[in-house]
Amino acid sequence: MALNVFDHDEYRPPVWKSYLYQLQQEAPHPRRLTCTCEVENRPKYYGREYHGMISREDADLLLSQAEGSYLIRESQRQPGTYTLALRFGNQTKNFRLYHDGKHFVGEKRFESIHDLVTDGLITLYIETKAAEYIAKMTINPIYEHVGYTTLNQEPTLKKHLPHSPQVPDGPAPAKDDCNTEERDEGSELRNVVKERGGGCGGAMAFSQGLCTSTGSIPSLPVSSGSSDTSTRSRVHLSRVPTPTKPSSPASTFWQPIRSFALSQLTSLVRRATLRESDLAPKYEKVHNFKVHTFRGPHWCEYCANFMWGLIAQGVKCADCGLNVHKQCSKVVPNDCQPDLRHVKKVYSCDLTTLVKAHNTKRPMVVDMCIQEIEARGVQSEGLYRISGFSELIEDVKLAFDRDGEKADISSNAYEDINIITGALKLYFRDLPIPLITYDAYPRFIETAKITDAEKRLESLHEALKLLPPAHCETLRYLMAHLKRVTEYEKENLMSSENLGIVFGPTLMRAPELDAMTALNDIRYQRLVVETLITNEDVLF
């Protein structure tokens, strides 16, 4: 039985474009040109490919034997510096070579010269053969039609994919049995590594960067057949048949693609099948992309093109797991839907990331701690001013990180309410981006300097608009709570001014200001929080 999303045409199996993968398979292989004589003062991290201090002309003559040949020489113009000379396109290209424990000519670091040259040849070949194709890759992304922007719930297991009627570009496919069980990804990867001398996929070190795009050169539609309820779901791939000549580069082409599809399709289907709850907060969140080395062939989930290279082929969102080219990451919408598999903790986690991962309006720490405090502690003298035992506060933090919303912070576990207030303040102090963000900080400080009360409120209302929605909602909830705390000022001795002193530095942190400026800002931080508490009903 097919997923309901397909009935409404919300999801169509993506078509993975194979052109760049084919080019990687065709790229020249590295050929080390060894020096036949012993060279004095050879650096210990270079091998027999080091030829000492020879001229460019001599290197060009030696390398003219074969495409992909390479050697290392010491520069005659700058003794003590080294050059990688590489034969490509019937020309010798020279690159300044560095070593800091790893070899590099650009941003990417390699364990061996052989891997560096392999990656460089792939880069040069693809960017030479497919420059126009690469420049247009972002024109028709698959990102929207995968349904990523509608996600926020985990799909149920054992779902089926519909059959895709699309046919790959290129030669007409012959009949082929595509009903394939899930395979061991390790064996697939070993085959690919053996093919390309170490790895596959992604953006290259020899060039400035990689542009992403789409095109209509051979592509791979992903489809599905039936699934048995007693076993794990099966994925079926429509493939172009293997060419008759086993020695051709395409003969091993579809095997790593199938391995990729089996591993990557899971995340795409998860995104496509997630449903948006009516109660779900619609917070915008940018992706947390980090450079990533993919083990085995990988395709960009934005443009559907192959991510070429041996290492650092692209970037991966640390919060939702989205894999894209580095340049594709610049055009991906700010619609990250964090996955709890990637969000491992509660404290020290970006606030918007946390609420989107748990599908809540505010961090559960804030809600649970405030509810507990209002249930049994609002009349406690010195509330928020008196600190609890740091060891027990750390214990509450670990409980939230470990158990999330199931953490027990009741009076049975922590009788002293100051432990709960301490845990709440610690949460705000540990935020990587403060509740009142670095970007909005200067505006809030300038607002506090306004002497006219009415103008200050107007300015503060405008400053609140600079906060991300999740931050603003959490600040609203906290200020409403603190205002209720001030209603018991006779018992707890905590006025809005006292609470401003406590929470000013907790909610606001100066963005890289010098110590003296930060010290002078403390009084304005207090005034901001005090004004927010006093006028909570007007400002929010």
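So, here is what we can say about the structure in this document. Worth saying up front: this structure is predicted, and the values here are computed from it rather than measured.

Quick notes on the rules
- Residues numbered from 1 in each chain as written.
- Predicted model: local features only at pLDDT ≥ 70, side-chain atom pairs only at ≥ 80, totals over all residues.
- Heavy atoms only, no water.
- Pairing = 2+ DSSP bridges.
- Helix = DSSP H or I, 4+ residues; strand = E, 2+ residues; numbered from the N terminus.
- Contact = heavy atoms within 4.5 Å.
- Axes fitted to C-alpha atoms, helices over the stretch in contact; angles between N-to-C directions.
- Patch = residues over 30% accessible without salt bridge, like charges linked within 9 Å, V, L, I, M, F, W, Y side chains within 5 Å.
- Areas by Shrake-Rupley, 256 points an atom, 1.4 Å probe, with all protein chains shown as cover.
- Salt bridge = Lys/Arg side-chain N within 4 Å of Asp/Glu carboxyl O.
- Buried < 20%, exposed > 50% of the residue type's maximum accessible area, 1.4 Å probe, protein only.
- Parallel < 35°, antiparallel > 145°, perpendicular 65-115°, else oblique.
- Nonpolar A, V, L, I, M, F, W, Y, C, P; charged D, E, K, R; others polar.
- Core = buried A, V, L, I, M, F, W, Y, C linked by side-chain atoms within 4.5 Å.

### A word on the sheet that holds strand β5 (residues 91-99)
Okay, step 1: Taking strand neighbours across the sheet as the criterion, the five strands line up as β2-β3-β4-β5-β6 in an open arrangement whose pairing is mixed. Each end of this open sheet is capped by a strand with a single partner; those strands are β2 (31-32) and β6 (103-104).
Okay, step 2: Where strand β3 (residues 69-74) lies against strand β4 (residues 82-88), five bridges are found, and the strand directions are antiparallel. Within β4, the residue paired with Ile72 across the bridge is Leu84.
Okay, step 3: Strands in contact with helix α4 (residues 113-129) are β3, β4, β5 and β6; relative to β4, the strand with the most contacts, it is inclined by about 45 degrees.

### A few points about a nonpolar patch on the surface
Okay, step 1: A contiguous nonpolar surface patch, about 300 Å² in accessible area, is contributed by Met516, Leu519 and Ile522.
Okay, step 2: By secondary structure assignment, the location of Leu519 is in helix α17 (residues 515-534).

### Observations regarding the pattern of salt bridges
Okay, step 1: What the rule picks out here adds up to 20 salt bridges.
Okay, step 2: A salt bridge links Lys326 to Glu107; the nearest nitrogen and oxygen atoms lie 3.5 Å apart. With a gap of 219 residues between them, Lys326 in the loop between β11 (323-324) and α8 (351-358) and Glu107 in the loop between β6 and α4 connect regions that are remote in the sequence.
Okay, step 3: Taking relative accessible area as the criterion, Lys326 reaches 38% and is therefore assigned partly exposed.
Okay, step 4: With relative accessibility at 63%, the residue Glu107 sits in the exposed group.
Okay, step 5: The network of salt bridges with common partners includes Arg362, Asp367, Glu473 and Arg476.

### Quick word on the packing of helix α9 (residues 364-376) against helix α14 (residues 469-486)
Okay, step 1: As a packed pair, α9 and α14 sit with axes 11 Å apart at the nearest point and diverge in direction by 10 degrees. Looking at the two axes, α9 sits roughly parallel to α14. Only Thr474, Tyr477, Leu478, His481 and Arg484 of α14 make contact with α9, whose side of the interface consists of Val366, Asp367, Ile370, Gln371, Ile373 and Glu374.
Okay, step 2: Partitioned by chemical class, the residues of the contact of α9 with α14 number five nonpolar, three polar and three charged.

### Topic: the nonpolar core
Okay, step 1: With 65 residues, the main nonpolar core has Tyr384, Phe400, Tyr427, Phe444, Leu478 and Leu507 as its most contacted residues.
Okay, step 2: Sort the elements by how many residues they give to this core and helix α11 (residues 417-430) lands first, with eight residues.
Okay, step 3: In contact with Tyr427, not counting residues within four places along its chain, are Val346, Tyr347, Leu351, Leu354, Pro363, Val365 and Val366.
Okay, step 4: Grouped together as the second largest cluster of nonpolar side chains are 39 residues, Tyr50, Leu86, Leu97 and Ile126 included.

### Regarding the pairing of β4
Both faces of the sheet carry side chains from a regular strand, because those side chains alternate between them.
Okay, step 1: Most of β4 is tucked away, with seven of its seven residues classed as buried.
Okay, step 2: Side chains Tyr82, Leu84, Leu86 and Phe88 of β4 all project onto a buried face; the interleaved residues Thr83, Ala85 and Arg87 project onto the opposite face, where all are buried too.
Okay, step 3: Pairing between β4 and β5: seven bridges, direction antiparallel. Each residue of the ladder has a partner; that of Arg87, found in β5, is Thr92.

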